[in-house]
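The primary structure of each chain is shown beneath.
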Amino acid sequence: MSFFIEDALAQTAPVAGPANGLMSFLPLLIIFLVFYFLLIRPQMKRAKEHKALVSALDKDDEVITSGGLLGRITDLGADFVSVEISDGVKVRVQRQAVATVLPKGTIKAL
């Protein structure tokens, strides 16, 4: 049977020095840095800005929620806010659901 398959002989492994070991981790390190600067860092910045926006909410602020509702804050709670979306129509949403604070007078301009 040896005339169909050639015998495979093991070769001696090259001696790996400290520079060769560092070079094997270099692509992994570069990929991590690219992910950090393109994905992780901008997401952390956006989360910090949103946390500051939510903590600075005040009564009579005009907001847009993440669900797309446009209204004026009428009551603030620890976790929820009441948003008046029309005359006499109020909804309670979580504070984190507020996506954007609009300039005063935006609702009247619409």
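In short, a report on the structure. (Residues numbered from 1 in each chain as written. Predicted model: local features only at pLDDT ≥ 70, side-chain atom pairs only at ≥ 80, totals over all residues. Heavy atoms only, no water.)

## A few points about the overall build of the protein
When you go through the protein residue by residue, the secondary structure sums to two helices and five strands. Going from N to C terminus, the protein has its helices and strands arranged as α-β-β-β-β-β-α. Looking at the 110 residues of the protein, the share that counts as buried comes to 15%. Restricting to contacts in the protein with at least 6 residues of sequence separation, those with at least 24 account for 42%. (Helix = DSSP H or I, 4+ residues; strand = E, 2+ residues; numbered from the N terminus. Buried < 20%, exposed > 50% of the residue type's maximum accessible area, 1.4 Å probe, protein only. Contact = heavy atoms within 4.5 Å.)

## Digging into the sheet that holds strand S5 (residues 98-102)
With antiparallel pairing, five strands are arranged side by side in an open sheet as S4-S3-S2-S1-S5. A strand with exactly one partner marks an edge of an open sheet, and here the two such strands are strand S4 (89-94) and S5. Going from strand to strand, the sheet's axes swing by 45 degrees on average, the running direction of each strand aside. Two strands pair when backbone bridges link them, and strand S1 (residues 62-65) and strand S2 (residues 70-76) are joined in this way by three bridges, in the antiparallel orientation. Following the sheet pairing, Glu62 is matched in S2 by Arg72. (Pairing = 2+ DSSP bridges. Axes fitted to C-alpha atoms, helices over the stretch in contact; angles between N-to-C directions.)

## Here's the deal with the side chain of Glu62
Here Glu62 is to be found in strand S1. Of the residues examined, Glu62 reaches a relative accessible area of 3% and is grouped as buried.

## What about unusual backbone geometry?
Excluding glycine, most residues fall at negative phi; most peptide bonds, likewise, are trans. Positive phi is not limited to glycine here, since Asp60 has a value of about 70 degrees. Mapped onto the elements, Asp60 comes out in the loop between helix H1 (18-55) and S1.

## Description of the side chain of Ser82
Tracing the chain through its elements places Ser82 in strand S3 (residues 80-86). Setting aside its immediate chain neighbours within four residues, Ser82 contacts Arg72, Ile73, Thr74, Asp75, Val91 and Arg92.

## Thoughts on the nonpolar core
Within the largest apolar cluster, eight residues are counted, these being Leu57, Val63, Ile73, Val81, Val83, Val93, Ala97 and Val98. Among all residues touching Val93, those that are not within four sequence positions of it are Thr65, Asp79, Phe80, Val81 and Val83. (Core = buried A, V, L, I, M, F, W, Y, C linked by side-chain atoms within 4.5 Å.)

## With respect to the pairing of S2
Between S1 and S2, which pair antiparallel and follow one another directly, the connecting turn spans four residues, one of which, Gly68, has a positive phi of 100 degrees. Judged from the four bridges that link them, S2 and S3 form a sheet pairing that is antiparallel. Bridge assignment links Ile73 to a residue of S3, and that residue is Val83.

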